[in-house]
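Reading the structure
What follows is the residue order along each chain.
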Amino acid sequence: MRVAALIIFLVLCGWAGPAAAQEPGVRIGRALAVGPLGKRRRAAFFPDPIAARIADGDLSLPKEGDEVELHDGGKQAWHKPAEIKDGGLYKDPALRGGYLSVVVESEIAGVFLLRGKAHSMVYVNGTPRIGDVYRTGFVVLPVKLEYGTNHLLFSCARGEVQFSLEYTKQEIVFNLRDVTAPDLVRGKPVDAWAAIPVLNCTEQTNPGMTVEVELNKGLLNTTETPPIPPLSVRKIAFRLKGHAGPAGNMEATLRLLAGDKQLATTKVPLRVRHPAQNRKVTFLSKIDGSVQYYGLQPATNDKPGKALILSLHGAGVKAVRQAGSYAPKSWAHVVAPTNRRPFGFDWEDWGRWDALEVLDLATNALSTDPLRTYVVGHSMGGHGAWHLGVTFPGKFAAVGPSAGWISFWSYTGAERYAGASPINKMFLRATSPSDTLRLTRNLTGTGVYILHGAADDNVPVAQARTMKEHLSKFHPGFGYHEEPGKGHWWNKSDEPGVDCVDWPPMMDYLSRRALPAAPREVDFTTAGPGVSPECFWVRVEQQVRPLEPSRVRMRVDPHKRRFVGTTENVARLSLDLAAVAAGKDAVQVTLDGTRVTASTVGKRAHFVKAVHGWRSVASRATGKRADRCGPFKQVFRNRMIFIYGTAGTAEENAWAFAKARYDAETFWYRGNGAVDVRSDRDFAWGGQLDTGRNVILYGNSETNRVWPLLFAEAPIYVRRDTILFGAAYRLSGDVGVLMVLPRRGSDRALVGAVGGTTVKGMRLCDRLPYFVSGVAYPDFTAFNADVLTEGMRGVQVAGYFGNDWSVENGDFAWRKDDD
């Protein structure tokens, strides 16, 4: 039997479709489709009868004609796909929100490389692995096929699936389809980061390797890799050092070494650009330590003090192309972040953090004028311009959305959590940072120019007209233009630049706007400090009711050293004392009618709201604060580490590892991420290194050895069969859990939990879409199996810890029988 590498296209053979060349010892069996199984909106929980069966441990193969009962009482039957084509392509209307089941019979047990397109994810013998819903073509996964019958179950969204298997005996494989690399600048020294996915095709953890890189002949430099878990993908960073040649292309030779043994080698192509050309600039992200890039269209000269235009791309558009859509400008650099991927996160969540990270890096690298920073964008990027503009009014002198949609609710049909259920209200609060219209008054002092094609059939012009009507009620002077007869992406002239983004009247409008150097008044609304804590010299440190809008309206008289203002839903705030003139007199502050003398120790004055008014305090908050708070998704940053438990049963341990690996794969696919995945043994025995990093634990207190170390003082404790909630409440049975709390032993890190009281409770977490933008979870959520049959009705308790991270001072809602 041959074992040389060879692609086996998974097509239905014999009786049901065109035959395909088969590897000896492997036969592709029956394929069946079922669906659609219901509309999947952007929601925290949605019914899925197939996922419900898997949570129950039912991995039985479906038979043709078997029926699946739906949430609405209807039924769908498993059937043969409508079309089976060469190249492993299956098509059927059921695959728009349904599943495809394929049987693979194997006479060998070995590792195969699974490639697939158009599916959301796949269960390989019951184990979840990431899919390629955007059809990028770069997803390649090492999977284990057992001797005998194997089952691939694809969750589908696009009406089709295409996939193949390739047998491999290699231990380590490079994936050249997803390289992140900089453009080099002709004749300049090179010292930059790049990254490439590496597949560990063994069933043991790879303890780490050395990447040897050769850019110029004979000049070698090395980078050490992190450990890579079994049968996993990890995008590894490597450093490029040397000298760029003339314009054109270069290659970097990579060798992966384990001691003196070479495990793999490849060549990475690199572009060499003229200094005036648009190009990619890479950096190491503080979010997860991964290599990211931004596109740069440099100004026509490199003198400091120029403006910066932060341009956000649309769905499926690469950042370097976005930057290249602008003509070079004498007065401004154009900088285009990636949103972490061409589809990414709609410029929210990690897309928002990416934009801010790039803005800080580019402002420093290019020495731009911080008072002349603008945010613009097209389509999804137009939404991003709205979102960043209303969220961070003190950062941008003007906002320029083109073909932009307003919010997930106005454009994508996201779940609004309608109804009076207290639990639904908790989840609605968690999504409040996405509510553009609720925050638009933050644009009162910001320039706005709205651009839209009147015939746009992708993002309806009604989105622009709604914002025009809304702004007309309060904005003193914004620009608006509809281009007659033009659609979504358009250009009117042969001049450099694409008009739908580089529109001359918009560029002229931006060039004439600047932020005030010393604003005397601030009127600032924030959804929460963890998203946007400050505007100019005001910072909201804590809220009374988490994730409900907080507003501060305040004036400063710098010469009298006096602040006067009012607050709504603010428990703690601070003021930058640089806003007042230097002097010996005390700084007087009046908040909601309470006169307070501010402590002038340090650069900021801090205030906390008490029962009878405000009082001055000497230091920042010790509980929740802007850089250390919920809700749940906040834990997936600060170079987070995923820790899976190994102290449970074989079934519990297998779930924890598979889920941690699946989450790491998901963040790689959606966010170009690179997450360290470790066992609890590695972490606990390693002396809890990197105490400043966030940690996510998989399992519960009895299955994960690190749980008692980091959750020892937690007000909620999760163990087998029971959740202890504060001093008075408990939940029993098959319950899944998500939560975030401060990491013990650290003054700035968080610790999160993804787990449950039983294996079934843990499996309820398998498909939770917390890496999808527009979906949000409170600080704590506990749920039972009803979430997979009735959606939100399966949530048992959800809410927010108090500002001291306690349950007693928190805000929680419990499921009632009549909810």
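Residues numbered from 1 in each chain as written. Predicted model: local features only at pLDDT ≥ 70, side-chain atom pairs only at ≥ 80, totals over all residues. Heavy atoms only, no water.

Broken down by element type, the chain carries 13 helices and 50 strands. Its C-alpha atoms put the chain at 85 × 70 × 60 Å along the principal axes. Sorting the 819 residues of the chain into buried and exposed places 61% on the buried side. Within the chain, counting contacts between residues at least 6 apart in sequence, those at least 24 apart form 69% of the total. Accessible surface for the chain amounts to roughly 31,200 Å². Of this, 49% is attributable to carbon and sulfur atoms. (Helix = DSSP H or I, 4+ residues; strand = E, 2+ residues; numbered from the N terminus. Buried < 20%, exposed > 50% of the residue type's maximum accessible area, 1.4 Å probe, protein only. Contact = heavy atoms within 4.5 Å. Areas by Shrake-Rupley, 256 points an atom, 1.4 Å probe, with all protein chains shown as cover.)

Tallied over the entire structure, the rule returns 42 aromatic pairs. Measuring from centroid to centroid gives 6.4 Å for Phe632 and Tyr777, while their planes differ by 85 degrees, and the two rings are edge-to-face. You can see Phe632 sitting in the loop between strand 39 (613–617) and strand 40 (641–644) and its partner Tyr777 sitting in the loop between helix 12 (759–763) and strand 48 (780–783), a full 145 residues away along the chain. Looking at Phe632, the relative accessible area reads 0%, which means it is buried. With a centroid separation of 5.5 Å and 50 degrees between ring planes, the pair formed by Phe667 and Phe771 is classed as tilted. One end of the pair, Phe667, is in helix 9 (residues 650–671); the other, Phe771, is in the loop between helix 12 and strand 48, with 104 residues separating them in the sequence. Given the relative accessible area of 0%, Phe667 is considered buried. For Phe771, a relative accessible area of 4% puts it in the buried group. It is Lys624 that lies over the ring of Trp805; its NZ or CZ is 5.1 Å from the centre. Geometry around Trp353 places Arg637 over its ring, the cationic atom sitting 3.9 Å from the centre. (Phe/Tyr/Trp six-rings, centres within 6.5 Å; stacked < 30°, edge-to-face > 60°. Lys NZ or Arg CZ within 6 Å of the ring centre and 35° of its normal.)

Before going further, it helps to examine helix 4 (residues 380–391). Its 12 residues place the ends of helix 4 16 Å apart at the C-alpha level, agreeing with the 16 Å of an ideal helix rising 1.5 Å per residue. Taken across its 12 residues, helix 4 has 12 buried, putting it largely inside the fold. For helix 4, the set of buried residues is Met380, Gly381, Gly382, His383, Gly384, Ala385, Trp386, His387, Leu388, Gly389, Val390 and Thr391. (Expected span 1.5 Å × (residues − 1).)

We now examine the pattern of salt bridges. Scanning the model with the defined rule gives 44 salt bridges in all. One salt bridge in this structure joins Arg551 and Asp523, with 2.7 Å as the shortest N-O distance. Within this pair, whereas Arg551 is found in strand 33 (residues 550–557), its partner Asp523 is found in strand 30 (residues 521–526), the two being separated by 28 residues in sequence. A salt bridge links Arg539 to Glu534, with the nearest nitrogen and oxygen atoms 3.1 Å apart. For Glu534, a relative accessible area of 32% translates into the label partly exposed. Each member of the salt-bridge network shares a partner with another, and the members are Arg234, Asp676, Arg678 and Arg693. (Salt bridge = Lys/Arg side-chain N within 4 Å of Asp/Glu carboxyl O.)

With 93 residues, the main nonpolar core has Phe45, Phe636, Phe642, Met739, Tyr777 and Phe780 as its most contacted residues. Here this core takes seven residues from helix 9, the largest share from any one element. Apart from residues lying up to four places away in sequence, Phe642 is in contact with Phe636, Ala660, Asp663, Ala664, Val675, Asp676, Val677, Arg678, Ile696, Tyr698 and Phe771. Residues Ile84, Phe112, Val233 and Tyr669 belong to the second largest nonpolar core, which totals 39 residues. (Core = buried A, V, L, I, M, F, W, Y, C linked by side-chain atoms within 4.5 Å.)

This part is about the sheet that holds strand 44 (residues 722–725). Read from one edge of the open sheet, three strands run 43-44-45, paired in antiparallel fashion. Unpaired on one side and paired on the other, strand 43 (716–719) and strand 45 (729–732) mark the two borders of the sheet. The average angle at which neighbouring strand axes cross in this sheet is 10 degrees, direction not considered. Judged from the four bridges that link them, strand 44 and strand 45 form a sheet pairing that is antiparallel. Looking across to strand 45, one finds that Phe725 is bridged to Tyr729. (Pairing = 2+ DSSP bridges. Axes fitted to C-alpha atoms, helices over the stretch in contact; angles between N-to-C directions.)

What follows deals with unusual backbone geometry. A cis amide bond links Gly35 with the next residue in sequence, Pro36, at an omega value of -5 degrees. Tracing the backbone through its elements, the reader meets Pro36 in the loop between strand 2 (26–34) and helix 1 (49–55). With an omega of 5 degrees, the peptide bond running from Gly630 to Pro631 counts as cis. Locating Pro631 in the fold gives a position in the loop between strand 39 and strand 40. The backbone of Ser379 shows a phi angle near 60 degrees, a positive value even though the residue is not glycine. Along the chain, Ser379 turns up in the loop between strand 26 (373–378) and helix 4.

Here the focus is the environment of Asn206. Along the chain, Asn206 turns up in the loop between strand 16 (189–200) and strand 17 (210–214). Under the relative-accessibility criterion, Asn206 is labelled buried at 10%. The sequence separation of Asn206 and Val706 amounts to 500 residues, and the corresponding C-alpha distance is 22 Å. Residues within four places of Asn206 in sequence aside, it is in contact with Ile172, Asn200, Pro227, Ile228 and Leu263.

Here we come to helix 3 (residues 350–366). Given a rise of 1.5 Å per residue, 17 residues ought to cover 24 Å, and the 24 Å separating the end C-alpha atoms of helix 3 matches this to within 8%. Counting buried positions along helix 3 gives 13 out of 17 residues, so the element sits mostly inside the fold. Downstream of helix 3 by one or two residues, Ser367 has phi in the positive range, about 55 degrees.

Our next topic: the sheet that holds strand 35 (residues 572–576). Where strands meet in a sheet, backbone hydrogen bonds hold them as pairs that are either parallel or antiparallel. Pairing within the open sheet is antiparallel, and its five strands lie in the order 31-32-35-38-39. Among the strands making up the open sheet, the edge pair consists of strand 31 (534–535) and strand 39. Two strands pair when backbone bridges link them, and strand 38 (residues 604–610) and strand 39 are joined in this way by five bridges, in the antiparallel orientation. From the neighbouring strand, Lys609 faces strand 39, where its bridge partner is Trp614.

Right, let's get into the environment of Phe345. Following the sequence through the fold, Phe345 ends up in the loop between strand 25 (332–336) and helix 3. In this structure the C-alpha to C-alpha distance between Phe345 and Pro476, which are 131 residues apart in sequence, comes to 32 Å. Setting aside residues no more than four positions away along its own chain, Phe345 makes contact with Asn339, Arg340, Trp350, Gly351, Phe667, Arg670, Gly671, Phe771 and Ser773.

This part takes up the pairing of strand 7 (residues 99–106). Most of strand 7 is tucked away, with seven of its eight residues classed as buried. Note that strand 7 and strand 12 (residues 148–156) share eight bridges and pair antiparallel. Within the sheet, the bridge partner assigned to Ser106 lies in strand 12 and is Gly148.

We now examine the side chain of Thr368. Residue position: Thr368 is located in the loop between helix 3 and strand 26. In this structure Thr368 comes out as buried when scored by relative accessible area, which is 8%. Not counting residues within four places of it along the chain, the set of residues in contact with Thr368 comprises Gly305, Lys306, Ala307, Leu308, His333 and Thr363.

By the element assignment, Arg815 lies in the segment after strand 50 (811–814). Overall, Arg815 belongs to the buried group, its relative accessible area being 18%. A sequence separation of 475 residues divides Arg815 from Arg340, and the C-alpha atoms of the two residues are 37 Å apart. Residues contacting Arg815, with those up to four places away along its chain left out, are Ser421, Ile423, Met792, Arg793, Val795 and Gln796.

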